[in-house]
Amino acid sequence: AKALRSCNFCMPAKVAKGGALTPGPLPTKVADPVALLRHRTQEATVPSDLFIKHLDKELHEEDSCKRLPLAAILIFAFISVLSLTVRNWEAFEIEQAFIFDVEENANFAFSAFMGNKDIHDVNNIADFWSWMRLGFLPLVIQQEHVLSEGNGRTGLPSVLSYGPNAPLPAERSYLMHSELIGGIRMTQVLSKQSVCRVQSALPWFCFARKYAPRPFASDFFPVAEDDRNSEKEEWLSIDTPVKDLAVQLLDMEDGCLTANAEGRKCLCSVCRNGQPWLDPRAEKVQVSLLATHRASGLWSLVTVGFVFTAAGRIWKKVDVRSQWAHPYQDLDGNLNGWLIVAQVVWLGLIVEVVVYLVLGLRRVTGKLVTSPTDTSAENAEPMHSMSFLTTEMANLVTGSPNKVARKWIDAAVLVTAGGQTMQWAALVSSIGRVSDAYEAGDPARSVFRAMEDTLATDRWMMYWNALHIIVLFARVLHVMSGQPRLAIVSNTFSKSIVDIIHFCVVFLMITILFGALGYVLFGRDVDQFSSPGESLWGCMSLLFGELEWSVLVEARGGRFQGIAFVLAFTMLVSLVLINMLLAVIIDTYCEVKAELAGGGGAGPETLWSQSYEIYDRWRGRVRGERLGLNDVRNSVRSLLQQGQDKVSVSLLQREVFVTMKNGERKPIPKKQAVRLFTVVHETFSALPTEAHPDSPEDSHSPRHLHDGQANDSQPSSALDISQLTAKVDELTSAIHEDRQRLIRMESLIEQLVALPMVPTVATHESSPTQRSQRSAPSTARRRELQHRPLNGKSNPTRSLSTGAFCSAC
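Bear in mind the structure is a predicted one, so any value in this text is a computation, not a measurement. (Residues numbered from 1 in each chain as written. Predicted model: local features only at pLDDT ≥ 70, side-chain atom pairs only at ≥ 80, totals over all residues. Heavy atoms only, no water.)

### Brief notes about the overall build of the protein
Part 1: Helix and strand counts for the protein stand at 23 helices and 20 strands.
Part 2: Burial analysis of the protein (809 residues in total) assigns 38% to the buried set.
Part 3: Sequence-distant contacts in the protein: of pairs separated by 6 or more residues, those separated by 24 or more amount to 69%.
Part 4: If you sum the accessible surface of the protein, you get close to 46100 Å²; carbon and sulfur atoms cover 59% of it. (Helix = DSSP H or I, 4+ residues; strand = E, 2+ residues; numbered from the N terminus. Buried < 20%, exposed > 50% of the residue type's maximum accessible area, 1.4 Å probe, protein only. Contact = heavy atoms within 4.5 Å. Areas by Shrake-Rupley, 256 points an atom, 1.4 Å probe, with all protein chains shown as cover.)

### Looking at the pairing of strand E9 (residues 178-190)
Part 1: Burial runs high along E9: twelve of the 13 residues are buried.
Part 2: Relative to E9, strand E8 (residues 173-174) runs antiparallel, the two sharing two bridges. Bridge pairing in E9 links Tyr174 to Ser178.
Part 3: Taken together, E8 and the strand that follows it, E9, pair antiparallel across an intervening segment of three residues, in which Leu175 is found at a positive phi of about 55 degrees. (Pairing = 2+ DSSP bridges.)

### What to know about a nonpolar patch on the surface
Part 1: On the surface, Ile501, Val505, Leu508, Met509, Ile512 and Leu536 cluster together to form a nonpolar patch covering roughly 530 Å² of accessible area.
Part 2: Among the elements that take part in the nonpolar patch, helix H13 (residues 487-522) stands out by supplying five residues, more than any other.
Part 3: Mapping Leu536 onto the fold places it in helix H14 (residues 532-543).
Part 4: Residue Leu536 is classed as partly exposed on the basis of its relative accessible area, which comes to 32%. (Patch = residues over 30% accessible without salt bridge, like charges linked within 9 Å, V, L, I, M, F, W, Y side chains within 5 Å. Salt bridge = Lys/Arg side-chain N within 4 Å of Asp/Glu carboxyl O.)

### Focus on the nonpolar core
A general tendency of soluble globular proteins is for nonpolar side chains to be buried together.
Part 1: Phe128, Trp131, Phe136, Met186 and Phe306 are the most contacted members of the largest nonpolar core, which has 50 residues in total.
Part 2: When contributions to this core are tallied by element, the ones reaching two or more residues are helix H4 (88-105), helix H5 (125-140), E9, helix H7 (242-254), strand E13 (282-293), strand E14 (298-308) and strand E15 (314-324).
Part 3: In terms of residue count, the dominant contributor to this core is H5 (eight residues).
Part 4: Aside from chain neighbours lying at most four places away, what touches Phe128 is Val122, Met186, Leu278, Val285, Val287 and Phe306.
Part 5: Ranked by size, the runner-up nonpolar core spans 24 residues in total, among them Leu59, Leu652, Val674 and Phe677. (Core = buried A, V, L, I, M, F, W, Y, C linked by side-chain atoms within 4.5 Å.)

### With respect to the environment of Gly312
Part 1: Structurally, Gly312 is set in the loop between E14 and E15.
Part 2: For the pair formed by Gly312 and Asn123, sequence separation is 189 residues and the distance between their alpha carbons is 8.8 Å.

### A few points about H5
Part 1: If you check H5, its first and last C-alpha atoms are 21 Å apart, about what 16 residues at 1.5 Å a residue would give, namely 22 Å.
Part 2: Every buried residue of H5 is accounted for by Asp127, Phe128, Trp129, Trp131, Met132, Gly135, Phe136, Leu137, Leu139 and Val140.
Part 3: A side-chain oxygen of the first residue of H5 lies 3.2 Å from the backbone nitrogen of Ala126; this N-cap is Asn124. (Expected span 1.5 Å × (residues − 1). Polar contact = N/O pair within 3.5 Å; in protein donor to acceptor, adjacent residues only side chain to side chain.)

### Topic: unusual backbone geometry
Part 1: Unusually for a residue other than glycine, Ala109 sits at a positive phi of about 60 degrees.
Part 2: As for its position among the elements, Ala109 is in strand E4 (residues 108-111).

### Overview of the pairing of E4
Part 1: Pairing analysis gives three bridges linking E4 to strand E5 (residues 114-117), with the strands arranged antiparallel. Residue pairing in the sheet places Ser111 in a bridge with Met114 of E5.
Part 2: Linking E4 to E5, which pair antiparallel, is a turn of two residues; within it Ala112 sits at a positive phi near 65 degrees.

### Notes on the pattern of salt bridges
Part 1: Taken as a whole, this structure holds 20 salt bridges when the rule is applied.
Part 2: Note that Arg633 is salt-bridged to Asp56, the shortest N-O span being 3.1 Å. Here Arg633 is found in helix H18 (residues 629-641), whereas its partner Asp56 is found in helix H3 (residues 48-86), with 577 residues between them in sequence.
Part 3: Residue Asp56 is classed as partly exposed on the basis of its relative accessible area, which comes to 28%.
Part 4: One salt bridge connects Glu179 with Arg294, and the closest N-O pair in it is separated by 2.4 Å. Placement of Glu179 in strand E9 and of Arg294 in the loop between E13 and E14 is noted, with a sequence separation of 115 residues between them.

Spelled out as structure tokens, the structure:
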């Protein structure tokens, strides 16, 4: 009875309002009242590893909530750096002006003042030379002021002036605001000669060219330095009069035959022995010009590409690639302050990742510690940098899955940030060489080569930027996985990834099937099905509505096969497979949401409630009302290493402490110990019996107080009706016996309570001297005490017939 009254924590128990501990209901099946009393008087314990797991979970969620703002700031800072350095909104307008001018205004086949053809009408070699001489050349190199149509005035100067030092057109100007560098460069790539499949008595030559229904941009640009034929590179200098440049194009077209007949010097520098410049073996031809926008400082390489296929068709494309001469300056020529701020923020957060990952710095009570389990001040000393580095590199493959994933993602962030930084330095150096070559008056060939090297570096820079953004988003998703509400999407994807992979296998096989059918049925009529690879993309275009079904219906096979193909693909892929994928994802989403909700209640913790909880913990540590969860975890881990596999409230109060700077030991507050223990104990009690880490011989576990049949396995589903009926009768008789045991146990407890003792409440306990001077009350006095409020509060003692104990036990 004394033990019952002095018990501060009975098991199982629940936390009442204000932190008071109230016992739970009695077990439904009690084998022995003496065993029940022994169980009630024994202080509750939970496994140490379960306690550590709970603290690890709390620390992970707290760390994720703290890192979420920094992760978001990191990615927004990097996006700001990219926006302010690339400045696509300005470069896009300038590049599109070049493309529009070449495609729309470089006309030929004139009738009076009207040019009836443009670049898209270049379909043979003669059209190419007409477009170059009559359309592109006078459009780009304008050395005289162009008058309006029908203005037949004579005697006007070739260059007009509309202000001091403001001639029109300005020297070497293009589109009024850009300056041409050097002139126009013409290059070509020659294909190799191959064996003809059909022999002929005529002197035919066959070349190994590509059969490209729709060439990609990479087929046009860029042309590698090794692929160019240096003997076929021709320059149209901007300092040469336009009439002489037109004559040079005529000499390139006929191989200087006209020049030799007229007895003048041939202006084509690479035409020999009467061979025209445009070789029949030509596979690619590029016409390039380099321009700089003086106001914004944008260098642009404008390239017009022609691809000659083996079928005799000529594909055309205009491409413009640009780079800023001074990325850190704004339009006024001043240093961009916002860019500097964003760059400093990004670099600072990258340094924070470096400090966490590479240096392995840990801050405990303001000092570095040598071991994660040793937080004492006398052992706190800086570690050697190489030890940190070696430990962190080894920890990349060890630790909990969350920590390992975080370290690998942070390592990927550092790798991509390092590659991006090195490419950025190379890009700045390369664009500097372009400006230096231009200002030094180097030949146009050197400036062009420097600009091409810069654009190649910029392409790799683009890849590193994209990879870094992907890694940063992965880091944000990993950080959000520590918050239950935010982790629903990531958990849904991680749990459904197996089903999605198997679905993708089925989807891919069906898509390949329809791609093969489309290649066979429509390969010679529809360009989206002209090759096996194009057929797969054609099926995807049909799935997303980019390919009109009428194109397939009008194919040479007839309407029946087109309609049958479209209907079969739509029914099976669009309506069945896609909805199956959505069903898989939604089903997993509902399952994840139900698991986080925990079977009802308020559901998982919200982001703002978790933020307030972190703030409340910090405020408690500042006020001295709490210990850090990291300190508690390290202390419990030390106890586990010493062989203490179970923890209790009293053990936490004795062994969990923090050594301050002055050598004083600060133990864990009782309120915090009770709160942590109660949460872990409720989790432990909610676990299924077979999931408990206790050994079967543990006599203090409540499940060992039941009858032997309580731990029996569940009846097999193969039992017949008679066996099930016998089992039900057996359980009914066991329940009746349990009721009789409870009645006898309550009678025994009433006899214990009738003893001349005063119930002692832990929260209102008096001193030993006062207890010794207190006289034993009578039976009437004892009944009065049972129903009288204590200090203005209702007596928590309840009727013993309900099968529950008072809160003092």
